[in-house]
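Structural overview
Chain residues, written in single-letter form:
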Amino acid sequence: MISFSNVSLVYPNSTTTVLENLSLEIAEGELVLVIGPTGSGKSSLLRLINGLVPHHTGGILAGEIRVDGLSTREVKPGGLAHLIGIVGQNPLNGFVADRVEEELAFAMEALNLAPDVMRRRVEEVLDLLSLAPLRSRIIATLSGGEQQRVAIASALVMHPKVLVLDEPTSALDPIAAEEVLSILHRLVHDLGLTVVIAEHKLERVIGFADRIIHINGDGKTIIGNATEVMKISEIAPPIVHLSRALGLQEVGLSVRDMRRMVQEMHLPNPPDLKISLPPHEKPAIDIKNLTLSYVGHVALDSLSTSIYDNEIVAVMGRNGAGKSSLLRSIAGVSKIDKGEVTVYDTDPITLAGKFRRELIGYIPQEPSDLLYGQSVMQECEQADKDNQVMAGTTFEVLNQLVVGINPQAHPRDLSEGQRLALALSLVLSANPQVLILDEPTRGLDYEAKKSLTRILIEFAKVFKRLVVLATHDVELVAELATRVIFIADGDIVADGPTIDVLLSSPAFAPQVSKVMSPRPWLTVGDVVAALEGDSA
Amino acid sequence: MKKPPHPYTWWIWSLAIAISVVRFNNPYCAIAAIALVGFVVMSQREDAPWGKSFNWTLKIAIWILTVRTLIGVTIGVPIPGTTIFTLPRMPLPDWMPGIRVGGAVTAERLASALSEGLIICAIIVIFGAASSLTSPHRLLRVLPVHIYEFATAVVIATSVLPQLVTSVARIRQAQRLRGQSTKGISSYRRLAIPLLEESLARSLDLAAAMDARGYGVSRKRSRYRPINWQLRDTAIAASGLLILALS
């Protein structure tokens, strides 16, 4: 269905090749996963398939790409619209209409399909992705998960033979991600759709993939079926790391396979541990009856909680449950309707300038919002000056977070992970009492996530500070958080030590705990530590 | 749900009003026009991202009016009349006769600077009103395919304004969180860079998305749900044209 023959790609004004001499064949009805570190060219590979690269981006392309016999050299992206559906990394930027129905019809209108065909197909796809209740809503007002479904629907409505998705679950909560992936799985099996997905959160997609294309970033690629690639790949979901840690011969890619293998191992059953949060005297952040609503929609409904020093609190919940609203109220950006929020006995909304920087550090969902300098160095110097610290301090912090950032580079040209690190080092250089992060792992690869985890734990432990983060990333929470607050419909439904909250909900349980259940282990590290303790 | 008027309607109406303002060339007409479009926007706009662009054009207009009036009264050719107050005059070399910086500020001069500024403001505000009342995406769907390259450019241009408005709010909020003041000129410089980059990136994304969805491939375009020209549209457009005829 898709064939790459000897494809090499170089972007203008760049000295490195993104892809080098890549040849591959993707058959009809295959689900192929593209993996690789951030900035390695996964998106470029996807956009090569329908010719957006190089028709839209420029660059030099050698070799040939054919989709269903058509060469992207001869046919422009528009000419492949009936054949290939593409869903970009940020679906909101790719919407061309205001309302759901109009968005779905757009491509069909452009190809001049008859109105009755359009009607039928729109109804079909509305049912397929359960979008019928949203059909006349304005897209900008939908939640992230709903927007993602609309984007997939508007690609599917063309009845394409190939569907290309760039990080389709990065903005979704585990349940919504599961939903989207099972729809794709069904389409592949029922309709013989060919699907190409790029994704960082392998734990979500690995079970569905037939084959994996592993891009290294230096032009090298490994292609093979999922188990083969997972045996050798550095980039792997927790479940694969688990089988390596246990010294298994085979790698299991699904929880079911792994459970079967693990049951033969006769692992110890540790006694039930009762972990309770240590008692505290005075809360650092105190929230009483917090109520917040946007036009006609209640975001937070009389929510009360206290957060203490030394804690790393993960705020979890479905898309649109009110996580960001809670974080923004703590940071003091959103005006609250009712109730009271205090951070170290101060109302955060009154904070400004230096006091704000030293009390609360906040990383918004889009870390680049904080950046306005022309180069990394300029940003760091500005932060040094603002925080009245020695020149070079911020850059040093940045170097501890990630190595090898070119100080002259423009913030826009950094990879997602590097940009987050830059924003984080700007905030950390003020040494705030409270650090708040909104969805920090969007677009981060495992390597970047690991260093983020290390830094946050260090920050909380060494400096005795507290961290609050909102995230959908269950695996991150398992590695990092000491406490989880679970929000639904603007109110807290569960609040307790990470292990209790995560184990009590199957949908939000990390992979390792699903394999190891009923043993209370959340991460590969937990398992290794428990086994070592047992043998000692 | 109330069906919004045809996408052309408010643009025709606004264009007619804008031309009338220029033809009247009268500050009172300009004020009346601003009041009129303001009233129409407040009562007609949808609760959608593009609906907010009007407020921002209003702010920009006030800013332009202030700057232009200040420059108008201090620099330029003097108009004789009643002196309100006198500024110290900056000496200029002999080869620049007739132009002065500072000096007497007369009521006539102030009035002429104000009235010119008002007309410019009225045009900006009327443009803001049109883009506030019409969804850029709906406009795209009715524009003829034959001019599709041009149409793409128009849509991207008109959708940039509402996007800017939402981005401005978000970026300012983030920067306030970094402890930076959001007042003063340097704050605008800090705002401008991320804003420009974001709107450029978004426009490119939109163009790529339209291309990938086959926009402009077929010379004929079908309609999923027809956008019809209705009696109401005729009435609105006619009211605008009537004002134009009166001018």
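Residues numbered from 1 in each chain as written. Chains lettered and ligands numbered in written order. Predicted model: local features only at pLDDT ≥ 70, side-chain atom pairs only at ≥ 80, totals over all residues.

This brings us to the overall build of chain B. Along the backbone of chain B there are eight helices and three strands. Starting at the N terminus and walking to the C terminus, you meet the elements of chain B as α-α-α-β-β-β-α-α-α-α-α. By residue count, 34% of the 247 residues in chain B fall in the buried class. Across chain B, the fraction of contacts at a sequence separation of at least 24, relative to all contacts at a separation of at least 6, is 75%. (Helix = DSSP H or I, 4+ residues; strand = E, 2+ residues; numbered from the N terminus. Buried ≥ 20, exposed ≤ 12 C-beta atoms within 10 Å, placed from the backbone. Contact = placed C-beta atoms within 7 Å.)

This brings us to the sheet that holds strand β8 (residues 194–198) of chain A. Residue and element names in this part refer to chain A. The six strands lie next to each other as β6-β7-β8-β3-β9-β10, forming an open sheet whose pairing is mixed. Sheet topology places β6 (84–87) and β10 (221–225) at the edges, where each strand pairs with a single neighbour. Between one strand axis and the next, the sheet turns through 15 degrees on average, direction left out of account. Here four bridges tie β6 to strand β7 (residues 162–166), and the two strands are oriented parallel to one another. Considered in β7, the bridge of I86 is made with V164. (Pairing = 2+ DSSP bridges. Axes fitted to C-alpha atoms, helices over the stretch in contact; angles between N-to-C directions.)

A few words now on the packing of helix α1 (residues 7–24) of chain B against helix α2 (residues 27–44) of chain B. Packed helices, taken two at a time, are described by their axes: the angle between them and the distance between them. All names here are of chain B. Contact pair α1 / α2: the axes reach a minimum separation of 9 Å and the direction vectors enclose 165 degrees. Taken as axis vectors, α1 and α2 run roughly antiparallel relative to one another. As α1 packs across α2, the resulting crossing turns out to be right-handed. Residues I17, V21 and F24 of α1 pack against C29, A30, A33 and V37 of α2. Here the residues of the contact of α1 with α2 sort into seven nonpolar, no polar and no charged. (Parallel < 35°, antiparallel > 145°, perpendicular 65-115°, else oblique. Left-handed = near helix turned anticlockwise from the far one by under 90°. Nonpolar A, V, L, I, M, F, W, Y, C, P; charged D, E, K, R; others polar.)

All names here are of chain A. According to the domain assignment, chain A consists of domain 1 (2–238), domain 2 (239–266 + 508–536) and domain 3 (285–504). Centre-to-centre, using C-alpha coordinates, domain 1 lies 32 Å away from domain 2. Taken together, the eleven residues of domain 1 in the interface contact 13 residues of domain 2. Residue contributions to the side of domain 1 that touches domain 2 peak at four residues, all from helix α9 (residues 226–232). Of the residues in the side of domain 1 that touches domain 2, the class split is seven nonpolar, two polar and two charged. (Domains from an automatic or database assignment.)

All right, on to the nonpolar core then. Nonpolar side chains in soluble globular proteins generally cluster together in the buried interior. Membership of the largest hydrophobic core comes to 184 residues, with the highest contact counts inside it found for V34, I49, V315, I436, V468, V477 and L502 of chain A. Per-element tally for this core: the top contributor is helix α16 (residues 416–428) of chain A, with eight residues. Dropping the residues within four chain positions of it, V477 of chain A is found in contact with A314, M316, T471, V484, T498 and L502 of chain A. Within the second largest apolar cluster, 28 residues are counted, among which are I17, L118, I119 and C121 of chain B. (Core = buried A, V, L, I, M, F, W, Y, C linked by C-beta atoms within 7 Å.)

Residues and elements named next belong to chain B. Partitioning chain B into domains gives domain 1 (7–134 + 222–247) and domain 2 (136–216). Measuring from the centre of the C-alpha atoms in domain 1 to the corresponding centre in domain 2 gives 24 Å. Across the boundary between the two partners, domain 1 contributes ten residues, which contact ten residues of domain 2. Listed by contribution, the elements that provide at least two residues to the side of domain 1 that touches domain 2 are α1 and α3 (53–74).

Okay, unusual backbone geometry next. Residues and elements named next belong to chain A. Cis rather than trans, the peptide bond between V53 and P54 has omega equal to 0 degrees. The linkage connecting S517 with the following residue, P518, adopts the cis geometry, with an omega of 10 degrees. Here P518 shows up in the loop between α20 (511–516) and α21 (524–535). One non-glycine residue, D68, adopts positive backbone phi at about 50 degrees. You can call D68 partly exposed: it has 15 C-beta atoms within 10 Å.

Moving on, we get to helix α10 (residues 238–245) of chain A. Looking at α10 of chain A, one finds that the buried residues are P238, I239, V240, L242 and S243 of chain A. G247 of chain A sits one or two residues past α10 of chain A and shows a positive phi near 70 degrees.

To continue, consider the interface of chain A and chain B. Of the residues lining the interface, 48 residues belong to chain A; the matching set on chain B comes to 40 residues. Of all the secondary structure elements, the ones that give two or more residues to the side of chain A that touches chain B are α3 (91–94), α4 (100–110), α5 (115–128) and α13 (353–359) of chain A. Among the elements that take part in the side of chain A that touches chain B, α4 of chain A stands out by supplying six residues, more than any other. Considered class by class, the residues forming the side of chain A that touches chain B number 28 nonpolar, twelve polar and eight charged.

Moving on, we come to the UniProt feature "domain: ABC transporter" (unreviewed entry) in chain A. Following the UniProt record, the feature "domain: ABC transporter" (unreviewed entry) maps to residues 2–242 and 285–514 of chain A here. When the span residues 2–242 of chain A is considered, its composition is 37% helix and 24% strand, and the gap between its end C-alpha atoms is 34 Å. (UniProt positions renumbered as here; feature names shortened; annotations may be inferred.)

Before going further, it helps to spend a moment on the packing of helix α15 (residues 393–401) of chain A against α16 of chain A. All names here are of chain A. The N-to-C vectors of α15 and α16 enclose an angle of 135 degrees; their axes lie 9 Å apart at closest approach. One finds that α15 runs oblique with respect to α16. Along this stretch, α15 crosses α16, giving a crossing that reads as right-handed. Contacts between α15 and α16 involve T394, V397, L398 and L401 from the former and A421, L422, L424, S425, L426 and L428 from the latter. Class assignment for the residues of the contact of α15 with α16 results in eight nonpolar, two polar and no charged.

Residue and element names in this part refer to chain B. Taking the numbering used here, the UniProt-annotated feature "transmembrane region" (unreviewed entry) corresponds to residues 12–40, 60–88, 109–130 and 150–169. Helix makes up 93% of residues 12–40 and strand 0%, with an end-to-end C-alpha separation of 14 Å. From the first C-alpha to the last, residues 109–130 spans 32 Å; its make-up is 100% helix and 0% strand.

Here the focus is the sheet that holds strand β15 (residues 360–363) of chain A. All names here are of chain A. Reading across the sheet, the six strands line up as β15-β16-β17-β13-β18-β19 and stay open at both edges, with mixed pairing between neighbours. At either margin of the open sheet sits one strand with a lone partner, and together these are β15 and β19 (491–497). Strand after strand, the sheet turns through a mean of 15 degrees between neighbouring axes, direction not considered. Here strand β18 (residues 483–488) pairs with β19 via six bridges, running antiparallel. Across the sheet, residue A488 finds its bridge partner in β19, namely D491. Together, β13 (312–317), β16 (434–438) and β17 (466–470) form the strand contacts of helix α17 (residues 446–462), whose direction differs from that of β17 by roughly 145 degrees.

Per-residue confidence for chain B gives a mean pLDDT of 82; residues scoring 70 or more make up 96%. On the interface metric, ipTM, the complex scores 0.78, and its pTM is 0.82. (pLDDT = per-residue confidence, 0-100.)

Turning next to the environment of L9 of chain A. Residue and element names in this part refer to chain A. Here L9 lies in strand β1 (residues 2–10). The buried category is assigned to L9, around which 23 C-beta atoms lie within 10 Å. Sequence-wise, L9 and A62 are 53 residues apart; in three dimensions their C-alpha atoms are separated by 6.5 Å. Not counting chain neighbours up to four residues away, the residues in contact with L9 comprise T17, V18, L19, S44, L48, V53, G59 and L61.

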